[in-house]
Amino acid sequence: MLHTRDLMWILWPSFLIGGVASGLVFALVDPLDLVFLGEWRASRLTVYTLGFFLFWAMAALSSALTLRLAPRGVMLDEFGDPID
């Protein structure tokens, strides 16, 4: 079962990594030099947006897989009481 805390652990770090990866890739690659499906060229904003969401999704899948494979014990709140 996926809790809100699990989503936070997956989506927030992957959002940060998506932003960093987009910055690094697009510092080296000009989106106007990219050609998709033979002839189609997209605007810079479109490529930046799609690139960011692609990097975010890849990092989120990685974080979700890590969370899924991590061993689970009894979760405790800040007072030491078990969380249901």
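Predicted, not measured: the structure shown is a model, and the values here were computed from it.

Visitor: Pulling in residues and values, what's your account of the overall build of the protein chain?
Guide: On a plain count of helices and strands, the protein chain comes out with two helices and zero strands. Its C-alpha atoms give the protein chain a radius of gyration of 18 Å, clearly above 12 Å, the size a compact globule of 84 residues would have. The 84 residues of the protein chain split such that 18% are buried. Taking the contacts inside the protein chain whose residues are at least 6 apart along the sequence as the reference set, 57% of them involve residues at least 24 apart. Summed over all atoms, the accessible surface of the protein chain reaches about 6,700 Å², with 71% contributed by carbon and sulfur. Side chains of the protein chain give 5 positive and 8 negative charges; the mean places of these two sets differ by 7 Å.

Visitor: Which residues make up a nonpolar patch on the surface, and what are the values?
Guide: Taken together, the side chains of Met8, Trp9, Trp12, Phe15 and Leu16 present a nonpolar region at the surface, about 530 Å² in accessible area. Considering the arrangement of structural elements, one finds Trp12 in helix H1 (residues 4-28).

Visitor: Give a detailed account of the pattern of salt bridges, specifying residues and quantitative values.
Guide: Summed over all chains, the structure comprises one salt bridge. Between Arg44 and Asp30 there is a salt bridge whose closest N-O contact spans 3.1 Å. Here Asp30 lies in the loop between H1 and helix H2 (44-69) and Arg44 lies in helix H2, a separation of 14 residues in the sequence. For Arg44, a relative accessible area of 39% gives the class partly exposed.

Visitor: I'd love a proper account of the environment of Leu7, names of residues and values included.
Guide: Structurally, Leu7 can be placed in helix H1. In sequence terms Leu7 and Phe36 are 29 residues apart; their C-alpha atoms lie 33 Å from each other.

Visitor: Lay out H1 in plain terms, naming residues and giving numbers.
Guide: Because an α-helix completes one turn every 3.6 residues, residues spaced three or four positions apart along the sequence face the same direction. Taking 1.5 Å per residue, 25 residues should reach 36 Å; H1 reaches 36 Å between its end C-alpha atoms and fits that length. Those residues of H1 not exposed but buried are Asp6, Ile10, Ser14, Gly18, Ser22 and Phe26. If you follow the buried residues of H1, they end up packed against H2.

Visitor: Summarise the packing of aromatic side chains; cite the residues concerned and give the values.
Guide: For the structure on display, the rule yields seven aromatic pairs. Ring centres 5.7 Å apart and planes at 15° place the aromatic pair Trp12 and Phe15 in the stacked group. Taken together, the positions of Trp12 and Phe15, both in helix H1 and three residues apart, correspond to about one turn of that helix. Judged by its relative accessible area of 52%, Trp12 is exposed. Of the residues examined, Phe15 reaches a relative accessible area of 33% and is grouped as partly exposed.

Visitor: Describe the side chain of Ser14, naming the residues involved and giving the relevant values.
Guide: Note on placement: Ser14 falls in helix H1. By relative accessible area, which is 1% here, Ser14 ends up buried. Once you skip the residues sitting within four places of it in the chain, Ser14 turns out to touch Trp56, Ala59, Ala60 and Ser63.

Conventions used here
Residues numbered from 1 in each chain as written. Predicted model: local features only at pLDDT ≥ 70, side-chain atom pairs only at ≥ 80, totals over all residues. Heavy atoms only, no water. Helix = DSSP H or I, 4+ residues; strand = E, 2+ residues; numbered from the N terminus. Rg over C-alpha atoms; globule rule 2.2 N^0.38 Å. Buried < 20%, exposed > 50% of the residue type's maximum accessible area, 1.4 Å probe, protein only. Contact = heavy atoms within 4.5 Å. Areas by Shrake-Rupley, 256 points an atom, 1.4 Å probe, with all protein chains shown as cover. Lys, Arg positive; Asp, Glu negative; His and termini not counted. Charge placed at Lys NZ, Arg CZ, Asp CG, Glu CD. Patch = residues over 30% accessible without salt bridge, like charges linked within 9 Å, V, L, I, M, F, W, Y side chains within 5 Å. Salt bridge = Lys/Arg side-chain N within 4 Å of Asp/Glu carboxyl O. Expected span 1.5 Å × (residues − 1). Phe/Tyr/Trp six-rings, centres within 6.5 Å; stacked < 30°, edge-to-face > 60°.

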